[in-house]
Amino acid sequence: MRKFLQKIRDNKLLLDGINVIACFVLLIALLVFFITRLYLALLIAIWAAGLINMANGFKSMRAKKGGVMPGQSMVLLGFVILIGGTALVLSLMGFV
């Protein structure tokens, strides 16, 4: 297990691993939402989508090219997805 974690650290694959896990969570949550119409599953899917966007933004911010950080807009979009999606789902559930 230590060798596996060391490989992840050496190759900087932590954000890729987060993306893979978040994609599986997103797919499962969407499947549960379409079958059961459970809004909590939709909330989990929105949070996974925002996390994917933010992780990709942080990943592209790490690869600086000419002093420009193109990942900032992706991180901001992920944050907007988290806040807007959460507000939308909570309003659909009748909490807001």
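Here's a quick rundown of the structure. Everything numeric here is computed off the predicted structure, so don't read it as measured data.

1. Some details on the overall build of the chain
For step 1, the next point in the chain: Helix and strand content of the chain: four helices and zero strands.
For step 2, the next point in the chain: For the chain, the N- to C-terminal ordering of α and β elements is α-α-α-α.
For step 3, the next point in the chain: The C-alpha atoms of the chain give 16 Å as radius of gyration, which overshoots the globular expectation for 96 residues (12 Å, by more than 25%).
For step 4, the next point in the chain: Across its three principal directions, the C-alpha atoms of the chain cover 45 × 35 × 15 Å.

2. Section: the side chain of Asn53
For step 1, the next point in the chain: With respect to the secondary-structure elements, Asn53 resides in helix 3 (residues 39-62).
For step 2, the next point in the chain: The contact partners of Asn53, leaving out residues within four places of it in the chain, are Met74, Leu77, Gly78 and Ile81.

3. Looking at the packing of aromatic side chains
For step 1, the next point in the chain: Scanning all chains against the criterion turns up two aromatic pairs.
For step 2, the next point in the chain: Connected via pairs of aromatic rings, a cluster forms that spans Phe33, Phe34 and Tyr39.
For step 3, the next point in the chain: Above the face of the Phe33 ring, Arg37 is positioned so that its terminal group lies 5.6 Å from the ring centre.

4. Details of the pattern of salt bridges
For step 1, the next point in the chain: A complete count under the given rule lists one salt bridge for this structure.
For step 2, the next point in the chain: Between Lys59 and Asp16 there is a salt bridge, with the nearest N and O atoms lying 2.5 Å from each other. Residue Lys59 is found in helix 3, and its partner Asp16 is found in helix 2 (residues 14-36); the two are separated by 43 residues along the sequence.
For step 3, the next point in the chain: Relative accessible area serves as the criterion here: at 25%, Asp16 is assigned to the partly exposed category.

5. Some details on unusual backbone geometry
For step 1, the next point in the chain: Positioned with a positive phi, Arg37 is a non-glycine residue whose angle comes to about 55°.
For step 2, the next point in the chain: With respect to the helices and strands, the residue Arg37 is situated in the loop between helix 2 and helix 3.
For step 3, the next point in the chain: Residue class for Arg37 comes out exposed when judged on its relative accessible area of 53%.

6. Overview of the environment of Asn56
For step 1, the next point in the chain: If you trace the backbone, Asn56 turns up in helix 3.
For step 2, the next point in the chain: Separated by 29 residues in the primary sequence, Asn56 and Gly85 have C-alpha atoms spaced 19 Å apart.
For step 3, the next point in the chain: Every residue in contact with Asn56, bar those within four places of it in the chain, is listed here: Asn19 and Met74.

7. So, a nonpolar patch on the surface
For step 1, the next point in the chain: A surface patch of nonpolar side chains, about 930 Å² in accessible area, is lined by Val20, Ile21, Phe24, Val25, Leu27, Ile28, Val32, Leu38, Leu40 and Ile44.
For step 2, the next point in the chain: Counting residues per element, the ones that place at least two in the nonpolar patch are helix 2 and helix 3.
For step 3, the next point in the chain: With seven residues, the single largest contributor to the nonpolar patch is helix 2.
For step 4, the next point in the chain: Structurally, Val20 can be placed in helix 2.
For step 5, the next point in the chain: Taking the relative accessible area as the measure of exposure, Val20 reaches 46% and is therefore partly exposed.

Rules used in this analysis
Residues numbered from 1 in each chain as written. Predicted model: local features only at pLDDT ≥ 70, side-chain atom pairs only at ≥ 80, totals over all residues. Heavy atoms only, no water. Helix = DSSP H or I, 4+ residues; strand = E, 2+ residues; numbered from the N terminus. Rg over C-alpha atoms; globule rule 2.2 N^0.38 Å. Contact = heavy atoms within 4.5 Å. Phe/Tyr/Trp six-rings, centres within 6.5 Å; stacked < 30°, edge-to-face > 60°. Lys NZ or Arg CZ within 6 Å of the ring centre and 35° of its normal. Salt bridge = Lys/Arg side-chain N within 4 Å of Asp/Glu carboxyl O. Buried < 20%, exposed > 50% of the residue type's maximum accessible area, 1.4 Å probe, protein only. Patch = residues over 30% accessible without salt bridge, like charges linked within 9 Å, V, L, I, M, F, W, Y side chains within 5 Å. Areas by Shrake-Rupley, 256 points an atom, 1.4 Å probe, with all protein chains shown as cover.

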